[in-house]
Structure formats: structure tokens, C-alpha cells
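Chain residues, written in single-letter form:
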Amino acid sequence: ALPAEWREVVFYSEDAGSWPHLGPVVAALSQRGQKLTYVTSSPDEPILRGDAPGVDLAQVTALCIGAGATRTAWFMALDAKQLVMTMPDLETLHIKRSRAADVHYTYVFHSMVSTHMIYRPDAFDHFDTLLTVGPHHVAEIRARETHAGLSPKRLVPHGYARLEAIRADAPRRPATDPAQPRHVLVAPSWGPDGLLENHADTLVRTLLDAGLRVTVRPHPVTSRDHAALLARVMQAHACDRLALDQDMRSRASLLDSDLMISDWSGAALEYAFGLDKPVLFVDVPRKVRNADYAALGIEPLEVSVRAQVGRVVAVDALAELPTHVAELCADPAAFADEIGRVRAATVSNLGRSAEAAADEIQRIARGELAVRQPAPATEGA
């Protein structure tokens, strides 16, 4: 029922976790005077209360449609020029492209990791424009299009807003006190082979026994599906050197820690690239949703960079973690130059991703692009 000017640019947010990725783009567009509608499935999203720093709220209509049948029907009947979202699997699961209008679908990545191993094979096939984090996404999507015989999508260098936010906070991190225990942040991914799901007790006990300070920051899915496990581990090892951090909006534990222990989580790349700090990767089985990912002939980013931004530890060698922590923390600058080099080659538009995205979204809103305009295979085109 909104006038057409409010339907030129529509954002969809699955939950409040989408805001770190969509919010900076919303802010950039609103500050240009672009009217837009922000639709969310979460009734607790702060923008519904007008809590959206940097956003000109006069340019934004915020609505909640829930996550049930109403959402499914809304997607099917959407009448808008463009929908911007950070939820993959459009058209392949229950969320479909509009049957009522020719909507241009634009995807914003919510992780720096590669597109072809931890996502379903067709997770991005039905979008028109992908705002890519960096050259690795371009190479993977083009290879997927060739492999599956798909029409080329428009791939636009975007970057990664959450990384920029972490780097902006980095100067505010506390100075390391050599008299205090080293602070280790345990922040893995989730799934049946996940680090916390299978090794939480051993991991926490090993680190505490070494005299380290430990913060466990589980993925929201782990918090939801394994709350009893987390509670049991935290109770069994309760002490003043152990904390549980489940506030994904806060970056306090990232800033305060000396090192991260992870597995296949995209948060590990955010940590390394954002704070120039090393990561210990416990080599649990790969998180694979596409069994055919190797057919593209491209090694996923989350595999290729692990030895460049930290160390890989075998899952049966958790007892060695304290030794690795001590060695990496003894020379915190050792990985900084290498991390910086990898970051520069991996992430586009560092420091101006929101403006790059806003430029492209407004071009689409003005009708300057065909819905499926072929794009050159080079990222800067």
C-alpha cells in the first residue's frame, strides 16, 4: 500500500543480525535523501523503535512481517523495484522471487567466506546483483555460472561493512597488561562437527588449566540448539577466568582478547582482518553444504588463508593449544604484516563499502541497469 517512491528500494532483514551488514548501506542511502522501506522478520529489531544511529529516519519506513506464512506470501506478492537482502537461497527454499512484479534482487554478503563450500550449490543463482566482498566471490560465482550453464549476474565490488566497524573500534581496545593472564576468545562456527558441539568441555578445561582467561562466544545457532550443553560446561568450570558472551551486537570480547580459537567460522576472518590478531584454527571436519564444491576447482578462502592468519591445530591435539597460545601471544606483531597483505587482496573498498553499495543500489533504482546485465569477469568492471 506504500506509494511507489517508498518501493524503489526495499530491504529485507531476517533478524537483527542482518543490521551490521545492511545498516551502513541504509544509512548511506538515507543520508542521500533516498526513500526506502526496511522490512524485518524480527519484532525486536532496534530500527522499529527508531534506534538506528547514522540513519535519517525521515527517509525510512520500517515494518515487521514476522517469519511465518505472512512472510512467504509477502515475498510472492512483492511489488517493488528492488529488494536488497542478506539471506541466501532465494527461490530454492520457501522464500521465492515475486510472482507479482519484475523485482531486481540484490544480495549483500553477511560473511567473507567463499560461496561454494558452506552454502548450498544454488544459494546465489536466483539473484540479479551480488555485492561481493572481494575477488574470490567474483571468481567463484563466475565459475558456478559456467559449471551450471547459468546466465551471468551483475557482480559489483562492495566490501564488508562489519570488518570496517571492527577496525574502527580497534584503537579502543584495552592495552595488554603483562601481569594478567592471556585472554583467549573461543568463537567457532556451528553444526554437527562444530568445535563447541563436540569438544567444549575438553577445550575449556585445557585452557583454564593452563591459567588462561577464557571467553566462550558461541554462534547463535549453537546458543539456541545447545543451550543445555553450554550451561553444563560453564557450570562445571565456573571461575572468575571464564565468561560466556552471547551478545552478537557487542564487540567487547573481540577487542579485549589476545587471540581467537575457532574452526570454520567466518568470524575468524573478521577477527584477524579487523584486529590484526592471530587465530588458532582447530581442524574439525570441514563445514560442507555443497558436496560438489571441488568441481569449481577453487580452494575456498576459509581454507586457503588459515595458515596465513594463524595456525591450524589437529582436533586430537587440543592439549597443545596453550603452547600455541603462548607462542603467538609472545610476538603479537608477527602476523600483522601478513594479515594486512591478505586483507588487501581479499576485501574491496575497505573504508567505503557503504558508499559503493549505495551507488549501485541507486543505479538500479533509477532503472539504469538491465535486470540480468552481463558483467565482465574482472571485479573492477
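The structure displayed is predicted, hence computed values, not measured ones.

(A) Spatial organisation of the packing of aromatic side chains. Here the structure, examined in full by the defined rule, presents 10 aromatic pairs. Seen from their ring centres, Trp19 and Tyr38 are 5.3 Å apart, and the 75° between their planes marks the pair as edge-to-face. One end of the pair, Trp19, is in helix α1 (residues 19-31); the other, Tyr38, is in strand β2 (residues 36-40), with 19 residues separating them in the sequence. For Tyr38, a relative accessible area of 0% gives the class buried. Taken together, a centroid distance of 5.0 Å and an interplanar angle of 90° make the contact between Trp74 and Phe75 edge-to-face. A network of ring pairs unites the aromatic residues Tyr107, Phe109, Tyr119, Phe124 and Phe127 as a single cluster.

(B) Spatial organisation of unusual backbone geometry. Its identity is not glycine, yet Asp89 carries a phi of approximately 65°, on the positive side. For Asp89, a relative accessible area of 9% puts it in the buried group. Even without being a glycine, Asp276 presents a positive backbone phi close to 55°. On the secondary structure map, Asp276 appears in the loop between α9 (266-275) and β12 (279-283).

(C) Spotlight on the sheet that holds strand β7 (residues 154-157). With parallel pairing, the 7 strands of this open sheet are ordered in space as β3-β2-β1-β4-β5-β6-β7. Edge strands, defined here as strands with exactly one partner in the open sheet, are β3 (60-64) and β7. Between one strand axis and the next, the sheet turns by 20° as a mean value, whatever way the strands run. Sheet analysis places β2 next to β3, joined by 5 bridges and oriented parallel. Of the residues in β3, the one forming a bridge with Val39 is Leu63.

(D) Seen up close, the environment of Gln246. Looking at the element boundaries, Gln246 is found in the loop between β10 (242-244) and α8 (252-256). In the structure, Gln246 is positioned 60 residues away from Val186 in sequence and 12 Å away in space, judged by C-alpha atoms. Leave out the neighbours within four places in its chain, and Gln246 touches Pro218, Ser223 and Leu230. At a separation of 3.0 Å, a polar atom in the side chain of Gln246 contacts the side chain of Ser223.

(E) Inspection of the sheet that holds strand β11 (residues 259-262) at higher detail. Across the sheet, which stays open at both edges, the 6 strands sit in the order β10-β9-β8-β11-β12-β13 with parallel pairing between neighbours. With partners counted over all chains shown, the strands left at the sheet margins are β10 and β13 (310-314), one partner each. Taking the axes of each pair of neighbouring strands and ignoring which way they run, one obtains an average angle of 20° across the sheet. Bridge count for β11 against β12 is 3 bridges, and the pairing is parallel. What sits directly across from Ser262, in β12, is Phe281.

(F) The side chain of Thr215, seen in detail. Here Thr215 shows up in strand β9 (residues 213-216). Of note is the side chain of Thr215, whose polar atom sits 2.7 Å from the side chain of His183. Discounting residues that sit within four places of it in the chain, Thr215 has contacts with His183, Val184, Leu185, Val186, Ala243, Asp245 and Ser253.

(G) Main features of the pairing of β12. Taking burial as the measure, the 5 residues of β12 include 4 buried ones, the bulk of the element. A crossover links β11 with its parallel partner β12, the connecting element being α9, and its sense is right-handed. Pairing analysis gives 5 bridges linking β12 to β13, with the strands arranged parallel. Bridging from a neighbouring strand, Val279 pairs with Gly310 of β13.

(H) Up close: the nonpolar core. Counting 85 residues, the largest nonpolar core has Leu83, Leu207, Ile261, Phe273 and Leu321 as the members making the most contacts within it. For this core, the element with the highest residue contribution is helix α5 (residues 195-209), accounting for 7 residues. Residues in contact with Leu321, not counting those within four places in the same chain, are Leu203, Leu207, Ile261, Leu280, Val282 and Val313. Formed by 23 residues, the second largest nonpolar core is a distinct cluster that contains Leu22, Val26, Ile47 and Ala357.

(I) Structural view of helix α13 (residues 336-346). For α13, the full list of buried residues reads Ile339, Gly340, Val342, Arg343 and Thr346. Residues of α13 that are buried sit in contact with α3 (135-148), α4 (161-169), α9, α10 (301-304) and α11 (306-309).

(J) How the structure looks around the packing of α4 against α9. The geometry of α4 relative to α9 is characterised by a closest axis approach of 8 Å and an angle of 45° between their N-to-C directions. One way to sum up the angle between α4 and α9 is to call them oblique. As for how α4 packs across α9, the hand of that crossing is right-handed. Residues Arg162, Leu163, Ile166 and Arg167 of α4 pack against Glu270, Phe273, Gly274 and Leu275 of α9. Of the residues that constitute the contact of α4 with α9, the class distribution is 4 nonpolar, 1 polar and 3 charged.

Rules and cut-offs
- Residues numbered from 1 in each chain as written.
- Predicted model: local features only at pLDDT ≥ 70, side-chain atom pairs only at ≥ 80, totals over all residues.
- Heavy atoms only, no water.
- Phe/Tyr/Trp six-rings, centres within 6.5 Å; stacked < 30°, edge-to-face > 60°.
- Helix = DSSP H or I, 4+ residues; strand = E, 2+ residues; numbered from the N terminus.
- Buried < 20%, exposed > 50% of the residue type's maximum accessible area, 1.4 Å probe, protein only.
- Pairing = 2+ DSSP bridges.
- Axes fitted to C-alpha atoms, helices over the stretch in contact; angles between N-to-C directions.
- Contact = heavy atoms within 4.5 Å.
- Polar contact = N/O pair within 3.5 Å; in protein donor to acceptor, adjacent residues only side chain to side chain.
- Right-handed = clockwise from strand over helix to strand, strands pointing away.
- Core = buried A, V, L, I, M, F, W, Y, C linked by side-chain atoms within 4.5 Å.
- Parallel < 35°, antiparallel > 145°, perpendicular 65-115°, else oblique.
- Left-handed = near helix turned anticlockwise from the far one by under 90°.
- Nonpolar A, V, L, I, M, F, W, Y, C, P; charged D, E, K, R; others polar.

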